[in-house]
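Summary of the model geometry
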Amino acid sequence: YNEGRKLVGGVITTSRDLAANSLMWLTSKETKDRMLKLIKAFSVALTFHLNTKGGHHKLRRNDPLFEEKVYAEYQAEMRDVFRDEQDKDFITTC
């Protein structure tokens, strides 16, 4: 448990550092926005990768539609990040 907490803390710290450096060094607003969205999307993807349910404890593995429901939750989380289903990064991550 403690080892996992340390690793997650490292991911959070690294994400913050990457976001801060991106805002400092990238010049265009569009590039900055895209980078911040990708950093957020990474944490969502990592959560779903490490936890089959993606942290949604109401889902049950014995449900015949389990995989479809998890994928729908994943897409909903990514929609919150990208705000546009036509975004090429949204399409790539989903």
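As the structure is a prediction and not an experimental result, all values here were calculated from the model.

Quick notes on the packing of helix α2 (residues 29-50) against helix α3 (residues 66-82)
At a closest axis distance of 9 Å, the pairing of α2 and α3 adopts a crossing angle of 165°. Here α3 runs roughly antiparallel to α2, going by the angle between their axes. As α2 runs across α3, the sense of the crossing is right-handed. Contacts from K37, L38, K40, A41, V44, A45 and F48 of α2 reach α3 at V70, E73, Y74, E77, M78, V81 and F82. The residue makeup of the contact of α2 with α3, split by class, is 10 nonpolar, no polar and four charged.

Things to note about the packing of helix α1 (residues 2-25) against α2
Here α1 crosses α2 at 170°, and the two axes come no closer than 9 Å. By the angle between their axes, α1 is roughly antiparallel relative to α2. Each of V11, S15, L18, A19, S22 and L23 in α1 lies in contact with α2, whose residues at this interface are K32, M35, L36, I39, F42 and L46. Residue composition of the contact of α1 with α2, by class: nine nonpolar, two polar and one charged.

Digging into the packing of aromatic side chains
Applying the stated criterion across every chain yields a total of three aromatic pairs. Summarising the aromatic geometry, the rings of F82 and F90 are spaced 6.3 Å apart at their centres and angled 70° between planes, so their arrangement reads as edge-to-face. Assessed through its relative accessible area of 6%, F90 is described here as buried. Three or more aromatic residues link up through ring pairs in this structure, and these residues are F48, Y71 and Y74.

A closer look at the confidence of the model for the chain
The share of residues in the chain with pLDDT of 70 or more is 97%, and the mean pLDDT across the chain is 87. Mean pLDDT per element in the chain: helix α4 (residues 88-93) is the minimum at 86, and α1 is the maximum at 91.

What counts, and where the lines are drawn
- Residues numbered from 1 in each chain as written.
- Predicted model: local features only at pLDDT ≥ 70, side-chain atom pairs only at ≥ 80, totals over all residues.
- Heavy atoms only, no water.
- Axes fitted to C-alpha atoms, helices over the stretch in contact; angles between N-to-C directions.
- Helix = DSSP H or I, 4+ residues; strand = E, 2+ residues; numbered from the N terminus.
- Parallel < 35°, antiparallel > 145°, perpendicular 65-115°, else oblique.
- Left-handed = near helix turned anticlockwise from the far one by under 90°.
- Contact = heavy atoms within 4.5 Å.
- Nonpolar A, V, L, I, M, F, W, Y, C, P; charged D, E, K, R; others polar.
- Phe/Tyr/Trp six-rings, centres within 6.5 Å; stacked < 30°, edge-to-face > 60°.
- Buried < 20%, exposed > 50% of the residue type's maximum accessible area, 1.4 Å probe, protein only.
- pLDDT = per-residue confidence, 0-100.

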